[in-house]
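Each chain, written out:
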Amino acid sequence: MFSYRHAFHAGNHADVLKHTTLVALMKYLTAKDTALSVIDTHAGAGLYRLDGDYTETSGEAREGVFKLLSKEKTPQKTPDGQKKPVLNATKKVASTDVLAPALQDYIHVLRGLNPQFAETGEAAHLKIYPGSPFIEQQFLSGRDKLKLFELHPTDFKSLSGNIEQLGVGRQVTVAREDGFEALKTFLPPPARRAMVLCDPSYEMKSDYARVSACMADAVKRFATGTYVVWYPVIPRPEAHDLPRKLKTLAVKASRSWLHAVLTVKSSKLITDTDGEVIRPGLPASGMFIINPPHTLKADLQAALPQMVALLGQDRNAGFTLNHGG
Ligand code: SAM
């Protein structure tokens, strides 16, 4: 337990899908003039250095957020390991050369934390990557509240420190508690408007069942909340079942739902020249949203083909977008 550290994965293709969706949700939900409670059950560390040891080791952001910026200058590693900005003009954004509004909004959030990137537009100056807490916090106004849960001792400490630096007082609270359990105590929210992000690491296969049980309980306690689940698309029965279970619970509760999946590559195992089997890394991930805003489908319909065009790694790249209710 607890070997997962989001810092290794910050800014990867799954984060691009999750955080673009989160930005679109937060933008819509905070545009109303009534208070909103945001509950992030699995918050992570809040901020990640894209030039830090973790991210450099895994290099996942290079296949994620940096590719999104590849119409500009993208940092790539030269054979001697040096970073060098090069112009990447090889990929065309689907149908138009202008990024979809939801992707522009996501990049706007990145600019807010990276002044030099904001000034120059150079991807090489993107040094800090915001996790979900910092994305959510950027959209809050005085009446809104954000509750963050993180169990890992190191990530909890980093998250607490990062949030404290914002100087926002009690508007944002951080607790080292089990997010699945803690959620129950906040529903229904006093403001009668809530968005919940449930984004576990799925390190333990019991996480899949806990997500569906937690969402079923949450919808019972507060039927009109917006519930947002991220999950990995991997060859594991629990991962396949999760969106099906979420859809069933939404349909049974007469709630609308939206399901988006972004695939960047084949999930087939690769064999190297010595016959060693290489794990391909995460090929795809999905977002399942119960009670999505009516605007979300159009936002993702425009953004997903562009994510495929820019982040796709082989001919298996693609997306699906389904909704109901
Ligand atoms: N939501 C974050 C983001 O988008 O930036 C990333 C979260 S990461 C995928 C999952 C986090 O959940 C990890 O930091 C892990 O330590 C934490 N975690 C694992 N089990 C937990 C639990 N039961 N309650 C709260 N946090 C948990």
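Look up: the structure comes first, before these words.
This report concerns the structure included in the present document.

Cut-offs and rules
- Residues numbered from 1 in each chain as written.
- Predicted model: local features only at pLDDT ≥ 70, side-chain atom pairs only at ≥ 80, totals over all residues.
- Heavy atoms only, no water.
- Helix = DSSP H or I, 4+ residues; strand = E, 2+ residues; numbered from the N terminus.
- Buried < 20%, exposed > 50% of the residue type's maximum accessible area, 1.4 Å probe, protein only.
- Contact = heavy atoms within 4.5 Å.
- Areas by Shrake-Rupley, 256 points an atom, 1.4 Å probe, with all protein chains shown as cover.
- Core = buried A, V, L, I, M, F, W, Y, C linked by side-chain atoms within 4.5 Å.
- Phe/Tyr/Trp six-rings, centres within 6.5 Å; stacked < 30°, edge-to-face > 60°.

**Digging into the overall build of the chain**
Broken down by element type, the chain carries 11 helices and 14 strands. In the chain, which comprises 325 residues, the proportion classed as buried is 50%. Long-range contacts, defined here as pairs at least 24 residues apart, represent 77% of the contacts in the chain between residues at least 6 apart. Approximately 15000 Å² of the chain is accessible, and the part contributed by carbon and sulfur atoms is 52%.

**Topic: the nonpolar core**
One finds V65, M215 and Y227 to be the most contacted residues of the largest nonpolar core, which totals 92 residues. Sort the elements by how many residues they give to this core and helix α1 (residues 13–29) lands first, with 9 residues. Beyond its immediate chain neighbours, meaning those up to four positions away, M215 contacts L183, V196, C198, Y227, V229, L246 and L249.

**Topic: the packing of aromatic side chains**
Taken as a whole and assessed by the stated rule, the structure comprises 4 aromatic pairs. Seen from their ring centres, Y202 and Y208 are 4.6 Å apart, and the 35° between their planes marks the pair as tilted. Classification of Y202 by relative accessible area gives buried; the value is 8%. On the basis of relative accessible area, Y208 is assigned to the buried category, the value being 3%. A centroid spacing of 5.7 Å and a plane angle of 10° characterise the contact between W257 and F288, whose relative ring orientation is stacked.

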